[in-house]
Amino acid sequence: MLRGFALHTQQRYMRCARAFLAYCHRPVEQLGGNDIRHFLLYLIQEKKFATKTINLHSVTWLEAFLGSVSTEPSVL
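Computed from a prediction, not measured in an experiment: that's the story for all the values here.

Draft legend 1. Local environment of the pattern of salt bridges. One pass over the full model with this rule turns up 1 salt bridge. The residue Asp 35 makes a salt bridge to Arg 26 at a minimum N-O spacing of 2.9 Å. Here Asp 35 falls in the buried class, since its relative accessible area comes to 17%. Given the relative accessible area of 32%, Arg 26 is considered partly exposed.

Here it is in structure tokens:
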């Protein structure tokens, strides 16, 4: 699933991915960079998340786009 990461890190990344998909209400195949930007803005402006949490969510999606994280719907 998430090669080379500790189990705790994998679990945190998966929580971030699930939160993003729940926010978007669309299949992962239909999502792109603008959706990620809108989600991160939502976390900052509406949820008032801390910088560290925003960074975790950002890294999750950078990893996904770089291919380190599987984005298959069955995994998320």
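Draft legend 2. Local environment of the packing of aromatic side chains. All chains considered together, the criterion is met by 4 aromatic pairs. Between the aromatic rings of Phe 20 and Phe 39, the centroid separation amounts to 5.3 Å while the plane-to-plane angle is 65°, which identifies the pairing as edge-to-face. Taken together, the positions of Phe 20 in helix H1 (residues 7-24) and Phe 39 in helix H2 (residues 33-45) put the pair 19 residues apart, joining distant regions of the chain. Phe 39 shares its class with Phe 20; the two are buried. Put simply, the rings of Phe 20, Tyr 23, Phe 39 and Tyr 42 pair up and form one aromatic cluster.

Draft legend 3. Highlighting H2. Relative to the 18 Å expected for 13 residues at 1.5 Å per residue, H2 spans 18 Å between its end C-alpha atoms, a close match to the ideal helical length. Taken together, the buried positions of H2 are Asp 35, Ile 36, Phe 39, Leu 40 and Leu 43. Projected onto a plane normal to the axis of H2, the buried residues spread over an arc of 135° and lie on a single side.

Parameters at a glance
- Residues numbered from 1 in each chain as written.
- Predicted model: local features only at pLDDT ≥ 70, side-chain atom pairs only at ≥ 80, totals over all residues.
- Heavy atoms only, no water.
- Salt bridge = Lys/Arg side-chain N within 4 Å of Asp/Glu carboxyl O.
- Buried < 20%, exposed > 50% of the residue type's maximum accessible area, 1.4 Å probe, protein only.
- Phe/Tyr/Trp six-rings, centres within 6.5 Å; stacked < 30°, edge-to-face > 60°.
- Helix = DSSP H or I, 4+ residues; strand = E, 2+ residues; numbered from the N terminus.
- Expected span 1.5 Å × (residues − 1).
- Arc of directions from axis to C-beta.

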